[in-house]
Amino acid sequence: MGRFFSPSQKSVAKESFALAERLAGQFFRLSNASLKSHRYDIRTLAYLEKHEVSEKAFAHLCKYQYRKEDAGDVGFHFYRICLQDNCILDAIDRAGSFIKLSPLMLYIAAHELTHVIRFDNGLADFNAPSDVKEEEEERVNRITKEMLKGVRYPDMNIVFECFSKDYQIGDTYN
């Protein structure tokens, strides 16, 4: 399966998602309650099911429907952001000292939260055909860069370059 985040790397991921939540809330002008209404969880590679693993991405977004057996049609959906520790760590290793985990994780977190918000608000179709998904990836990359452009974070420009149109690192969802 590959390499897994260390406890300190998991801490970086957790902090990145906390910051990305605040930034996404500001960018999309969401109240705390509205932001919390978007149901999602985050898992690292060690806790993923086989179908949640992808060798093609830093993160894989899955959508699940939850229904209680005795509740009839009453239920809800939620998203799982499946971090691919091995792909993230391999990219950092390949980049040498150019890309650090913190800015890369912040970009990934902001990107995935943008997907969740857009899908949940009906701005994009989770089940769209692949050509539409590619367009959505480009749109989400642009939104993510816009969201993060004012953040004074060491090495964020290097991460932006990696996610440029010429060098697409994207993610997957299904």
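Shown above is the structure to which this text applies.
As the structure is a computational prediction, the values presented were derived from the model and not from experiment.

Draft legend 1. Spotlight on the overall build of the protein chain. Looking only at helices and strands, one finds six helices and four strands in the protein chain. The secondary structure elements of the protein chain, listed N-terminal to C-terminal, are α-α-β-β-β-α-α-α-α-β. Classification of the 174 residues of the protein chain by burial places 45% in the buried group. Here the analysis covers contacts within the protein chain between residues at least 6 apart in sequence; of these, 75% occur between residues at least 24 apart. Counting only carbon and sulfur atoms, one obtains 51% of the accessible surface of the protein chain, whose full area is about 9700 Å².

Draft legend 2. Representation of the packing of aromatic side chains. Taken as a whole, this structure holds eight aromatic pairs when the rule is applied. Between Phe 27 and Phe 28, the ring centres sit 5.1 Å apart and the planes meet at 80°, which makes this aromatic pair edge-to-face. Between Tyr 107 and Phe 160, the ring centres sit 6.3 Å apart and the planes meet at 70°, which makes this aromatic pair edge-to-face. Of this pair, Tyr 107 sits in helix 4 (residues 101-120) while Phe 160 sits in helix 6 (residues 156-162); the two residues are 53 residues apart in sequence, bridging distant segments of the chain. The same class applies to Tyr 107 and to Phe 160, which are both buried. Arg 39 extends its terminal NZ or CZ atom over the ring of Phe 76, reaching a point 4.4 Å from the ring centre.

Draft legend 3. Region of interest: the pattern of salt bridges. Enumeration over the complete set of coordinates arrives at nine salt bridges. Two residues, Glu 136 and Arg 118, come together in a salt bridge whose shortest N-O distance is 2.6 Å. You can see Glu 136 sitting in helix 5 (residues 130-148) and its partner Arg 118 sitting in helix 4, a full 18 residues away along the chain. For Glu 136, a relative accessible area of 3% translates into the label buried. One salt-bridge network, held together by shared partners, links Asp 41, Arg 43, Glu 52 and Arg 80.

Draft legend 4. Expanded view of the packing of helix 4 against helix 5. Packing of helix 4 against helix 5 leaves a shortest axis separation of 9 Å and a crossing angle of 120°. Considering their axes alone, helix 4 and helix 5 lie oblique with respect to each other. Crossing geometry of helix 4 relative to helix 5 is assigned as right-handed. Where helix 4 abuts helix 5, its residues Leu 106, Tyr 107, Ala 110, His 111, Thr 114, His 115 and Arg 118 lie against Glu 136, Glu 137, Arg 139, Val 140, Asn 141, Ile 143, Thr 144, Lys 145, Met 147 and Leu 148. Across the contact of helix 4 with helix 5, the residue classes tally to seven nonpolar, five polar and five charged.

Draft legend 5. Inspection of helix 5 at higher detail. Helix length check: helix 5 (19 residues) gives 27 Å between terminal C-alpha atoms against 27 Å at 1.5 Å per residue, within 8%. Every buried residue belonging to helix 5 is among Lys 133, Glu 136, Glu 137, Val 140, Asn 141, Ile 143, Thr 144, Met 147 and Leu 148, and all of these are buried.

Draft legend 6. Structural context of the nonpolar core. By size, the foremost hydrophobic cluster in this structure holds 45 residues, and its most contacted members are Phe 58, Leu 83, Ile 88, Leu 104, Met 105, Ile 108 and Leu 148. When residues of this core are traced back to their parent elements, those giving at least two are helix 1 (7-27), strand 2 (59-67), strand 3 (75-83), helix 3 (85-94), helix 4, helix 5 and helix 6. At 12 residues, helix 4 tops the list of elements feeding residues into this core. Once residues lying within four places of it in the same chain are set aside, the contact partners of Leu 83 are Phe 5, Ala 13, Phe 17, Ile 42, Arg 43, Thr 44, Leu 45, Leu 48, Phe 58, Ala 59, Met 105 and Ile 108.

Draft legend 7. Spotlight on the packing of helix 1 against helix 5. Where helix 1 contacts helix 5, the axes come no closer than 10 Å and their chain directions differ by 100°. Here helix 1 lies roughly perpendicular to helix 5, going by the angle between them. Across the interface between the two elements, Leu 23, Ala 24 and Phe 27 of helix 1 pack against Ile 143, Glu 146, Met 147 and Leu 148 of helix 5. Across the contact of helix 1 with helix 5, the residue classes break down as six nonpolar, no polar and one charged.

What counts and how
Residues numbered from 1 in each chain as written. Predicted model: local features only at pLDDT ≥ 70, side-chain atom pairs only at ≥ 80, totals over all residues. Heavy atoms only, no water. Helix = DSSP H or I, 4+ residues; strand = E, 2+ residues; numbered from the N terminus. Buried < 20%, exposed > 50% of the residue type's maximum accessible area, 1.4 Å probe, protein only. Contact = heavy atoms within 4.5 Å. Areas by Shrake-Rupley, 256 points an atom, 1.4 Å probe, with all protein chains shown as cover. Phe/Tyr/Trp six-rings, centres within 6.5 Å; stacked < 30°, edge-to-face > 60°. Lys NZ or Arg CZ within 6 Å of the ring centre and 35° of its normal. Salt bridge = Lys/Arg side-chain N within 4 Å of Asp/Glu carboxyl O. Axes fitted to C-alpha atoms, helices over the stretch in contact; angles between N-to-C directions. Parallel < 35°, antiparallel > 145°, perpendicular 65-115°, else oblique. Left-handed = near helix turned anticlockwise from the far one by under 90°. Nonpolar A, V, L, I, M, F, W, Y, C, P; charged D, E, K, R; others polar. Expected span 1.5 Å × (residues − 1). Core = buried A, V, L, I, M, F, W, Y, C linked by side-chain atoms within 4.5 Å.

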